[in-house]
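Topology and contacts: notes
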There are 2 protein chains.
Amino acid sequence: MSTPIDSETNQVIVTVLGLGAMGLPMASRLARQFTVHGFDIHENRRLLADAAGIETFASAAAAVSGAGIVLLSVRTGEQLNDVLFGVNGVAEALTPGSVVILTSTVGTEAIPAMAERLADLNIALVDAPLSGGPLRASDGDLLIIVGADPLALERARPVLECLASTLTIIGDKPGDGQALKTVNQLLCGVHIAAAAAAEALALADALGLDQVRTLEALEAGAAGSFMLSNRGPRILQAHEAAGAQVLSRLDIFVKDMGIVGRATRAAGLPSPLAAAAEQLYLLGRVQGLGAADDSAVIRVLSPSKRS
Amino acid sequence: MSTPIDSETNQVIVTVLGLGAMGLPMASRLARQFTVHGFDIHENRRLLADAAGIETFASAAAAVSGAGIVLLSVRTGEQLNDVLFGVNGVAEALTPGSVVILTSTVGTEAIPAMAERLADLNIALVDAPLSGGPLRASDGDLLIIVGADPLALERARPVLECLASTLTIIGDKPGDGQALKTVNQLLCGVHIAAAAAAEALALADALGLDQVRTLEALEAGAAGSFMLSNRGPRILQAHEAAGAQVLSRLDIFVKDMGIVGRATRAAGLPSPLAAAAEQLYLLGRVQGLGAADDSAVIRVLSPSKRS
């Protein structure tokens with residue numbers, strides 16, 4: 001089966017639903033190469049997209065009309081269900097034969113039923129959660145993890161390759177991408193909390209070590225991790241002052257460690273480290289740090305040095 | 001002050017106390033470059049050292065006689081105190097003006113008093129805990145973290161440089177090395193447990209992902225860590241079968257996470273991830289895995305696939 005094309009322009013229309021922090025830069029990136037339509041429930045996001053040269057619509061159903069590929073960039077599993085199957089859901093408005101790419105991290109549970117409902121409408125689902133922030137989305141420099149039927153993947157590939165510098169095909173069915181992303185987030189969440197939450201740099205401080213030199217000494221050795229190098233400097237900033245730049249919100253890890261917790265619980269797997277890390281992010285949100293950078297998790301356990 | 005030299009040979013004698021899994025290969029390495037004397041309380045270790053061409057003695061006091069540098073390679077803080085200040089302790093037998101190098105990881109608490117007692121005898125203490133196994137010790141490829149007075153460090157440097165490919169000078173007093181090593185072990189212990197103990201690879205398995213492909217996919221991204229790459233393959237081996245090769249004993253992390261726990265408690269720092277990791281290593285020891293490779297910690301939470 002080939003992807004439906006627009007009869008007027010003879011091109012594939014790519015529709016992006018959800019023009020938020022990730023959806024908008026992805027839509028902008030895709031607009032270099034494709035005819036991109038967009039929708040967001042917030043008018044201000046639609047206006048921003050218009051300004052970026054993306055054609056937006058007053059409803060999601062109008063935005064997907066005629067689209068060959070629909071890319072979903074929502075924040076939660078509830079939003080995902082709403083946008084497809086809710087009161088104003090677009091499932092029935094999708095073009096038969098088109099492909100839906102799910103880029104959000106929502107966990108594995110809902111995916112099989114969703115894939116089946118879409119298949120009944122002759123729509124393929126490509127499960128493609130991603131890593132990397134807005135800047136890397138604009139640059140087509142995301143890491144995208146894919147679980148999809150090989151034929152559906154081939155149809156989605158031009159769009160995925162426009163967005164990603166690394167495509168990891170981990171399995172051949174929707175849900176496999178969410179599964180690997182869940183494992184990935186378990187490690188990321190634990191590594192940030194271990195590196196951040198008083199558990200390494202705050203301990204170094206308490207032991208009278210210089211935190212910057214400690215970070216340098218640890219990075220190169222057996223204690224090293226991507227997150228120690230990436231978040232370490234921001235963690236030290238967050239420990240010094242309350243107003244560090246927000247590159248990745250703490251409450252994203254509240255959501256993702258929640259997904260990890262559901263997955264380990266469903267599998268009957270003990271996971272004390274992931275559970276401890278989840279509690280730290282929850283504590284951070286309760287303490288008003290949900291919209292702060294995730295490196296602020298250090299302040300949950302060790303007060304800001306300047307406060 | 002210069003390091004005492006042997007009047008017969010006109011060379012510095014280096015004495016290694018503790019000829020165990022690390023002490024013996026360090027002594028062998030040093031014997032390429034120095035006159036090395038040695039002692040261990042176990043006769044079989046002394047015989048192995050003799051066979052490796054190291055002159056051993058019937059008592060620790062005899063072994064340190066005339067030594068300009070004494071390198072301590074013991075397992076615990078109790079052994080350290082015994083060897084220096086116990087009934088058969090060598091402190092009084094050390095040559096005034098000599099240097100003691102402490103390579104064991106024993107925590108920070110005892111170091112200031114020990115340094116002071118040695119200073120009263122005109123002996124300098126170089127705090128130099130290390131990372132790397134027996135093979136890297138033989139090859140002079142250790143990572144050594146140093147806290148020491150700069151003058152004492154300069155006198156110990158030829159010995160340290162014979163053993164280490166990386167010397168990290170983190171502070172100018174004994175105890176600073178133990179402090180950084182404690183922070184380092186916190187991260188290593190958490191990373192192994194996170195990567196191992198069902199919390200990533202076991203979850204991947206439970207979610208139906210191929211563990212080998214998952215490991216490859218995770219390593220390169222934000223979830224990556226030295227320990228994921230280093231222990232990952234051994235963790236998968238440990239998950240498959242009970243008899244994987246022992247490269248680093250699980251009970252070393254029982255000891256080291258205990259040191260971390262004492263340090264965080266003394267500082268009044270909450271550390272839920274380190275505490276959870278410590279409990280996993282303790283559970284492993286209780287389940288009879290103390291002498292197994294530390295990667296066996298995955299079996300604490302997820303039964304061996306072949307058992």
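Residues numbered from 1 in each chain as written. Chains lettered and ligands numbered in written order. Predicted model: local features only at pLDDT ≥ 70, side-chain atom pairs only at ≥ 80, totals over all residues.

A word on the overall build of chain A
Tallying secondary structure elements over chain A gives 14 helices and nine strands in all. At 21 Å, chain A has a C-alpha radius of gyration in line with the 19 Å of a compact globule built from 307 residues. For chain A, with 307 residues in total, the buried portion stands at 57%. Within chain A, counting contacts between residues at least 6 apart in sequence, those at least 24 apart form 68% of the total. (Helix = DSSP H or I, 4+ residues; strand = E, 2+ residues; numbered from the N terminus. Rg over C-alpha atoms; globule rule 2.2 N^0.38 Å. Buried ≥ 20, exposed ≤ 12 C-beta atoms within 10 Å, placed from the backbone. Contact = placed C-beta atoms within 7 Å.)

Looking at the packing of helix H13 (residues 272–289) of chain A against helix H13 (residues 272–286) of chain B
At their nearest, the axes of H13 of chain A and H13 of chain B sit 9 Å apart, and the two run at 165° to each other. Here H13 of chain A is positioned roughly antiparallel relative to H13 of chain B, judged by the angle of their axes. Here H13 of chain A runs over H13 of chain B; the crossing is right-handed. When H13 of chain A is examined against H13 of chain B, the residues Pro272, Leu273, Ala276, Ala277, Gln279 and Leu280 of chain A are found in contact with a partner set consisting of Pro272, Leu273, Ala276, Ala277, Gln279 and Leu280 of chain B. Here the contact of H13 of chain A with H13 of chain B is built from residues that sort into ten nonpolar, two polar and no charged. (Axes fitted to C-alpha atoms, helices over the stretch in contact; angles between N-to-C directions. Parallel < 35°, antiparallel > 145°, perpendicular 65-115°, else oblique. Left-handed = near helix turned anticlockwise from the far one by under 90°. Nonpolar A, V, L, I, M, F, W, Y, C, P; charged D, E, K, R; others polar.)

Quick look at the nonpolar core
By size, the foremost hydrophobic cluster in this structure holds 216 residues, and its most contacted members are Val126 of chain A together with Val126 of chain B. Ignoring anything within four residues of it in the chain, the contact list for Val126 of chain A reads Val99, Val100, Ile101, Val146, Ala148, Ala152, Leu153 and Ala156 of chain A. (Core = buried A, V, L, I, M, F, W, Y, C linked by C-beta atoms within 7 Å.)

Quick look at the packing of helix H12 (residues 250–267) of chain B against H13 of chain B
All names here are of chain B. Direction vectors running N to C along H12 and H13 enclose 145°, while the axes themselves pass 9 Å from each other. Pair H12 / H13 crosses with left-handed handedness. Along the contact surface, H12 presents Leu250, Asp251, Phe253, Val254, Met257, Gly258, Val260, Gly261 and Thr264, while H13 presents Ala274, Ala275, Ala277, Glu278, Tyr281, Leu282, Gly284 and Arg285. Class assignment for the residues of the contact of H12 with H13 results in ten nonpolar, four polar and three charged.

Some points on the pairing of strand S2 (residues 35–39) of chain A
All names here are of chain A. Of all five residues making up S2, five are buried, and the element is well covered by its neighbours. Side chains Thr35, His37 and Phe39 project from S2 onto one buried face, and the interleaved Val36 and Gly38 project onto a second face that is buried too. One ladder, built from five bridges, connects strand S1 (residues 13–17) with S2; its direction is parallel. Looking at S2, one finds that Val16 is bridged to Gly38. Between the parallel elements S1 and S2, the chain passes through helix H1 (residues 23–31) in a crossover that is right-handed. Relative to strand S3 (residues 55–56), S2 runs parallel, the two being bridged by two bridges. Within S3, the position partnered with Gly38 by the bridge is Thr56. (Pairing = 2+ DSSP bridges. Right-handed = clockwise from strand over helix to strand, strands pointing away.)

Focus: the interface of chain B and chain A
With 57 residues of chain B at the contact, the number on the chain A side is 57 residues. If you list the elements that add at least two residues to the side of chain B that touches chain A, you get strand S9 (164–171), helix H8 (176–196), helix H9 (201–206), helix H10 (211–219), helix H11 (226–240), H12 and H13 of chain B. Top element by residues in the side of chain B that touches chain A is H8 of chain B. It accounts for 14 residues. Here the side of chain B that touches chain A is built from residues that sort into 38 nonpolar, 16 polar and three charged.

Focus on the relation of the copies chain B and chain A
Two copies of a chain can be linked by a rotation about an axis combined with a shift along that same axis. Each copy of the sequence occupies a distinct position, and chain B is placed on chain A by a rotation of 180° and an axial shift of 0.0 Å, giving an RMSD of 0.1 Å. Read as a symmetry element, the transformation amounts to a two-fold axis. Closest approach to the rotation axis among the C-alpha atoms of chain B is made by Ser225 of chain B, whose C-alpha sits 1.8 Å away. (Least-squares fit on C-alpha atoms with pLDDT ≥ 70 in both.)

A closer look at the environment of Ser73 of chain B
Residue and element names in this part refer to chain B. Within the element layout of this structure, Ser73 appears in the loop between strand S4 (69–72) and helix H4 (77–85). Spatially, the C-alpha atoms of Ser73 and Asp40 are 9.7 Å apart, while their sequence positions differ by 33 residues. When residues no more than four places from it in sequence are discounted, the contact partners of Ser73 are Val16, Leu17, Gly18, Gly20, Met22, Gly23, Met26, Thr103 and Ser104.

Points about unusual backbone geometry
For Asn122 of chain A, which is not a glycine, the phi torsion comes out positive at approximately 65°. Examined against the element boundaries, Asn122 of chain A turns out to sit in the loop between helix H5 (111–120) and strand S6 (124–127).

Notes on the domain arrangement of chain A
Residues and elements named next belong to chain A. What the domain assignment lists for chain A is domain 1 (13–173) and domain 2 (180–301). Placing a centre on the C-alpha atoms of domain 1 and another on those of domain 2 gives a separation of 29 Å. The interface is formed by nine residues belonging to domain 1 together with eleven residues belonging to domain 2. Taken together, the residues of the side of domain 1 that touches domain 2 sort by class into three nonpolar, five polar and one charged. (Domains from an automatic or database assignment.)

Quick look at the pairing of S4 of chain B
Residues and elements named next belong to chain B. By the alternation rule, side chains of S4 split into Ile69 and Leu71 and Val70 and Leu72, which are all buried. Examined bridge by bridge, S4 and strand S5 (residues 99–102) share four bridges and lie parallel to one another. When the bridges of S5 are listed, Val70 appears paired with Val100. Traced from S4 through H4 to S5, the parallel crossover comes out right-handed.

Topic: helix H10 (residues 211–219) of chain A
Along an α-helix, a turn takes 3.6 residues, which lines up residues three or four apart on a common side. Residues of H10 of chain A that are buried: Gln211, Thr214, Leu215, Ala217 and Leu218 of chain A. Around the axis of H10 of chain A, the buried residues are gathered within 165° of arc, so they sit on the same side. (Arc of directions from axis to C-beta.)

Considerations on the environment of Gly232 of chain A
One can find Gly232 of chain A in helix H11 (residues 226–240). Note: C-alpha distance between Gly232 of chain A and Glu219 of chain A (13 residues apart in sequence) is 9.2 Å.

A look at H5 of chain A
Residue and element names in this part refer to chain A. Those residues of H5 not exposed but buried are Ile111, Met114, Ala115 and Leu118. Taken around the axis of H5, the buried residues stretch over an arc of 100°, which confines them to a single face. More than 90 degrees from the buried face of H5, the exposed residues found are Ala113, Glu116 and Asp120. Residue Asn122 follows H5 closely and has a positive phi angle near 65°.

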